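Single-letter residue listing:
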Amino acid sequence: MSANHYDVLIIGAGLSGIGAGYHLQKHCPTKSFAILEGRGAIGGTWDLFRYPGIRSDSDMYTLGYAFKPWREGKAIADGPAILDYVRATAQEYHLEQKIHFNHRASRYSWSSRDACWTVETDNTANGVTEPFTCNFLLNCTGYYRYDAGYTPEFKRRETFRGAIIHPQHWPEDLDYAGKRVVVIGSGATAVTLVPAMAKTAAHVTMLQRSPSYIVALPDVDPIAQTLNRLLPAKLAYRLTRWKNASLQTLFYQICRRYPALIRNLLRKHLKSQLGPGIDVDTHFNPSYNPWDQRLCLVPNGDLFRSLRRGHASVITDHIEGFTETGIRLASGRELEADVIVTATGLNLVALGGAELVVDGEKRELPNTMSYKGMMLSDVPNLALVVGYTNASWTLKADLTAEYLCRLINFMDQHDYDYCTPKADPTVQNAPFLDLNSGYVQRALDHLPKQGDRAPWKLYQNYLLDLLKLRYGPVTDRVMTFSRVVESPKAAQDAPA
């Protein structure tokens with residue numbers, strides 16, 4: 001094998017990739033592995049995004065790793081604190097030396113004859129193409145394009161004389177102090193930006209086409225703090241993680257079963273947060289049910305405080321087009337602005353946009369089906385980390401990495417070279433993600449499918465996945481295990 005061959009290759013050195021490296025070291029200590037990172041730094045999302053106020057919309061007791069307790073005071077942490085946490089994890093477990101920076105994976109090619117993946121990478125520092133090979137491939141690139149966020153076409157955009165910024169590419173030298181800012185959008189990024197920018201801007205307007213569900217929660221978890229005072233750190237962290245994961249699952253299930261009840265409770269919550277001067281039904285009462293899209297979290301109600309104090313405002317309208325000095329709305333009103341921020345979403349992409357080839361045949365992701373939310377039908381020895389839409393990303397990332405280690409160890413014990421989830425023609429297709437958010441709907445035609453029953457269905461249920469992925473068998477009627485053979489006569493395919 002070449003010097004660039006490893007038992008396992010991890011693609012991406014963000015939250016998921018660093019976590020996967022830890023699990024491989026612990027549970028598969030004899031396996032060689034490397035991490036390929038397309039950028040020049042550890043951290044993924046938390047290194048890429050630099051916009052004001054960037055923070056998690058999940059608590060760090062569940063967004064943090066199961067194996068490394070979150071020890072900071074704030075449960076809802078800002079981006080720099082999360083980045084420090086990921087980097088500290090990489091350093092503590094000596095994972096930095098495993099990373100090949102500036103290697104962007106562009107093509108995954110599988111050979112059943114060799115039970116081997118060839119990963120073609122483009123060196124983003126010098127432009128050189130370099131191949132790596134491995135027996136098992138774990139994709140930890142997340143779910144969106146790093147090079148470009150989503151911005152819709154706005155009429156006469158070029159006429160605006162001020163700055164137009166997308167949060168995914170925030171300029172370090174942007175000075176908005178004392179200026180009029182319009183933030184286009186109503187999702188997690190917008191509700192983070194508005195109160196952060198309102199601290200120094202002359203005024204910030206959140207311009208939304210339609211409202212989102214927004215919930216205020218304290219950024220400090222008092223139960224976690226009490227447990228930390230009374231118990232050893234690891235035990236306190238584990239109990240808090242269980243508490244929060246269970247509450248997330250429970251709240252999601254209640255939202256799905258009793259949407260009218262939750263809608264009414266959220267409306268009352270918002271009225272109490274906003275006060276009498278803001279029309280809740282116009283600006284904060286979505287047309288869809290709770291959890292048809294992700295709920296937005298505002299720690300300590302900072303967005304609502306900015307609105308109450310008049311430092312920010314919200315307008316619900318459609319954009320007719322840009323002008324030299326701002327935005328003209330469909331209602332005829334014109335918003336004057338010095339800076340326009342297009343917090344209009346992400347471009348979703350699976351496998352980091354890499355081309356997928358199996359035994360010389362290109363595989364289109366929409367023609368595959370997700371197996372246990374982590375592998376693809378008829379694609380051997382490849383797993384991908386896709387976190388929950390209704391809970392913290394890392395809950396699923398940890399389970400995926402643990403399961404992968406169990407799967408690799410099982411194949412070693414039985415002398416198998418590769419495993420393949422075989423497609424079942426009787427399973428009905430369903431969209432990969434069960435959300436009606438615009439960024440999801442735009443991407444569904446480019447993503448894998450899920451099925452209507454296990455093991456092809458994504459249940460978005462951490463407690464159920466915990467039982468199946470951590471404690472359930474790695475063998476089932478779908479997964480087949482195979483050995484590399486010298487001739488067709490010696491084939492020893494072994495369905496589980």
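In short, a report on the structure. (Residues numbered from 1 in each chain as written. Predicted model: local features only at pLDDT ≥ 70, side-chain atom pairs only at ≥ 80, totals over all residues. Heavy atoms only, no water.)

**Considering the overall build of the protein chain**
Along the protein chain, the regular secondary structure elements total 13 helices and 26 strands. What you see for the protein chain is a C-alpha radius of gyration of 24 Å, in line with the 23 Å of a compact globule of 496 residues. On the principal axes, the C-alpha backbone points of the protein chain span a range of 75 × 55 × 45 Å. Out of the 496 residues in the protein chain, the part that is buried amounts to 54%. Once local pairs closer than 6 in sequence are excluded, the contacts in the protein chain between residues at least 24 apart make up 70%. When the accessible surface of the protein chain is totalled, it reaches about 21800 Å², and 50% of it is carbon and sulfur. Here the protein chain holds 54 positive side-chain charges and 50 negative ones, and the gap between their average locations is 6 Å. (Helix = DSSP H or I, 4+ residues; strand = E, 2+ residues; numbered from the N terminus. Rg over C-alpha atoms; globule rule 2.2 N^0.38 Å. Buried < 20%, exposed > 50% of the residue type's maximum accessible area, 1.4 Å probe, protein only. Contact = heavy atoms within 4.5 Å. Areas by Shrake-Rupley, 256 points an atom, 1.4 Å probe, with all protein chains shown as cover. Lys, Arg positive; Asp, Glu negative; His and termini not counted. Charge placed at Lys NZ, Arg CZ, Asp CG, Glu CD.)

**Some words on a nonpolar patch on the surface**
Taken together, the side chains of Tyr258, Leu261 and Leu265 make up a nonpolar region of the molecular surface, amounting to roughly 310 Å² of accessible area. Its place among the elements puts Leu261 in helix α8 (residues 259–274). (Patch = residues over 30% accessible without salt bridge, like charges linked within 9 Å, V, L, I, M, F, W, Y side chains within 5 Å. Salt bridge = Lys/Arg side-chain N within 4 Å of Asp/Glu carboxyl O.)

**Section: the packing of aromatic side chains**
The final tally for this structure, using the stated rule, is 24 aromatic pairs. The interplanar angle of 15° and the centroid separation of 3.6 Å between the aromatic rings of Tyr22 and Phe67 together place this pair among those described as stacked. On the criterion of sequence distance, the pair formed by Tyr22 in helix α1 (residues 15–27) and Phe67 in the loop between α3 (60–63) and α4 (79–92) is long-range, its members being 45 residues apart. No difference in accessibility class separates Tyr22 from Phe67, as the two residues are buried. Ring centres of Phe410 and Phe481 lie 5.0 Å apart, and the angle between their planes is 55°; on these two criteria the pair is classed as tilted. (Phe/Tyr/Trp six-rings, centres within 6.5 Å; stacked < 30°, edge-to-face > 60°.)

**Things to note about the packing of α1 against helix α11 (residues 393–413)**
For the pair α1 and α11, the least separation of the axes is 9 Å and the interaxial angle reads 35°. As α1 runs across α11, the sense of the crossing is right-handed. Residues Leu15, Ser16, Ala20, His23, Leu24 and His27 of α1 touch α11, and the partners they reach there are Trp393, Thr394, Ala397, Asp398, Ala401, Glu402, Cys405, Ile408 and Asn409. Tallied by class, residues from the contact of α1 with α11 come to eight nonpolar, five polar and two charged. (Axes fitted to C-alpha atoms, helices over the stretch in contact; angles between N-to-C directions. Left-handed = near helix turned anticlockwise from the far one by under 90°. Nonpolar A, V, L, I, M, F, W, Y, C, P; charged D, E, K, R; others polar.)

**A few points about the pattern of salt bridges**
Tallied over the entire structure, the rule returns 29 salt bridges. A salt bridge links Asp147 to Arg145; its shortest N-O distance comes to 2.8 Å. A residue is classified by how much of its surface remains accessible, and Arg145, at 35% relative accessible area, is partly exposed. The partner of Arg453 in a salt bridge is Asp424, with the nearest N and O atoms 3.9 Å apart. Of this pair, Arg453 sits in the loop between β24 (449–451) and α13 (462–471) while Asp424 sits in the loop between β22 (418–421) and β23 (429–431); the two residues are 29 residues apart in sequence, bridging distant segments of the chain.

**A short note on the side chain of Asn139**
When you line up the elements, Asn139 lands in strand β6 (residues 129–139). A distance of 2.7 Å separates a polar atom in the side chain of Asn139 from a polar atom in the side chain of Tyr108. The contacts of Asn139, once residues within four sequence positions are left out, are Ile11, Tyr108, Leu351, Gly352, Ala383, Leu384 and Val385. (Polar contact = N/O pair within 3.5 Å; in protein donor to acceptor, adjacent residues only side chain to side chain.)

**Considering unusual backbone geometry**
Note that the residue after Ala454, namely Pro455, is joined by a cis bond; omega there is 0°. With respect to the helices and strands, Pro455 occurs in the loop between β24 and α13. In this model, Asn102 sits at a positive phi of 60°, which is unusual for a non-glycine residue. The exposure class assigned to Asn102 is partly exposed, which follows from its relative accessible area of 24%. Of note in this structure, Asp378 is not a glycine but carries a positive phi near 60°. Note that Asp378 resides in the loop between β20 (375–376) and β21 (382–384). Residue Asp378 is classed as partly exposed on the basis of its relative accessible area of 29%.

**Points about the side chain of Gln208**
Position of Gln208 among the secondary structure elements: in strand β9 (residues 203–208). Looking at Gln208, the relative accessible area reads 2%, which means it is buried. A polar side-chain atom of Gln208 sits 2.8 Å from the main-chain carbonyl oxygen of His283. Beyond its immediate stretch of four places on either side in the chain, Gln208 contacts Gly185, Ser186, His283, Val314, Ile315, Thr316 and Asp317.

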